Amino acid sequence: MLNSAVRKRPGDNPAPWTRDALIRAVRRLVGDGLADPSLLKAAPRRSKKAVAQDTRLVELVATIHNAADGEKPTLARIGRQLERQNIPTKTGARTWV
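No experiment lies behind these values; they were computed from the predicted model shown.

For the protein chain, the helix and strand inventory stands at 4 helices and 0 strands. Along the chain direction, N to C, the helices and strands of the protein chain fall in the order α-α-α-α. Across the 97 residues that make up the protein chain, the buried fraction comes to 12%. Across the protein chain, contacts joining residues at least 24 apart in sequence account for 13% of those joining residues at least 6 apart. As displayed, the protein chain offers around 8,200 Å² of accessible surface, 56% of which is attributable to carbon and sulfur atoms.

Between the first and last C-alpha of helix α2 (residues 19-31) there are 18 Å, a value that for 13 residues agrees with the 18 Å anticipated at 1.5 Å per step. All of the buried residues along α2 are Ala21, Val26 and Val30. Just past α2, the residue glycine 33 takes up positive phi, approximately 80°.

What follows is about the pattern of salt bridges. Under the definition given, this model contains 4 salt bridges. For the salt bridge of arginine 19 with aspartate 20, the shortest nitrogen-to-oxygen distance reads 3.3 Å. What makes aspartate 20 partly exposed here is its relative accessible area of 45%. Between glutamate 71 and arginine 77 there is a salt bridge, with its nearest N and O atoms 3.3 Å apart. Residue glutamate 71 is classed as partly exposed on the basis of its relative accessible area, which comes to 46%. A network of salt bridges, in which partner residues are shared, links Arg46, Asp54 and Lys90.

Turning next to the side chain of threonine 89. Within the element layout of this structure, threonine 89 appears in the segment after α4 (75-84). Using a relative accessible area of 17% as the deciding quantity, one classes threonine 89 as buried. Among the polar contacts listed, one links the side chain of threonine 89 to the side chain of threonine 91, at a separation of 3.0 Å. With near-sequence residues (within four places) excluded, threonine 89 lies in contact with Thr95 and Trp96.

The subject of this paragraph is the packing of helix α3 (residues 48-66) against α4. The contact between α3 and α4 brings their axes to 10 Å, and the two run at 115°. Two packed elements cross with a definite hand, and for α3 against α4 that hand is right-handed. Only Ile78, Gln81 and Leu82 of α4 make contact with α3, whose side of the interface consists of Leu57, Leu60, Val61 and Ile64.

Reading guide: rules and limits
- Residues numbered from 1 in each chain as written.
- Predicted model: local features only at pLDDT ≥ 70, side-chain atom pairs only at ≥ 80, totals over all residues.
- Heavy atoms only, no water.
- Helix = DSSP H or I, 4+ residues; strand = E, 2+ residues; numbered from the N terminus.
- Buried < 20%, exposed > 50% of the residue type's maximum accessible area, 1.4 Å probe, protein only.
- Contact = heavy atoms within 4.5 Å.
- Areas by Shrake-Rupley, 256 points an atom, 1.4 Å probe, with all protein chains shown as cover.
- Expected span 1.5 Å × (residues − 1).
- Salt bridge = Lys/Arg side-chain N within 4 Å of Asp/Glu carboxyl O.
- Polar contact = N/O pair within 3.5 Å; in protein donor to acceptor, adjacent residues only side chain to side chain.
- Axes fitted to C-alpha atoms, helices over the stretch in contact; angles between N-to-C directions.
- Left-handed = near helix turned anticlockwise from the far one by under 90°.

Now the structure itself:
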């Protein structure tokens with residue numbers, strides 16, 4: 001994810017960002033007062049309920065994919081089936097397509 005957002009470091013260094021390099025850069029920015037110190041806090045842990053919902057959704061998508069009789073399952077078809085089953089998106093929306 002990181003390298004897809006920022007492919008190259010600024011300046012003459014063409015190497016992609018690494019996790020450690022990004023942490024060092026943010027620490028330096030926070031130390032200089034240019035970034036919010038809350039950026040260095042640990043990310044919140046995901047709840048067991050959220051993990052269970054993700055697992056259920058993956059299982060539903062796999063079932064829909066495997067049930068496609070001879071048809072090539074597309075994301076649009078899987079989305080339509082999830083809508084028919086009234087499965088909301090992660091944001092709570094009812095439409096997948």
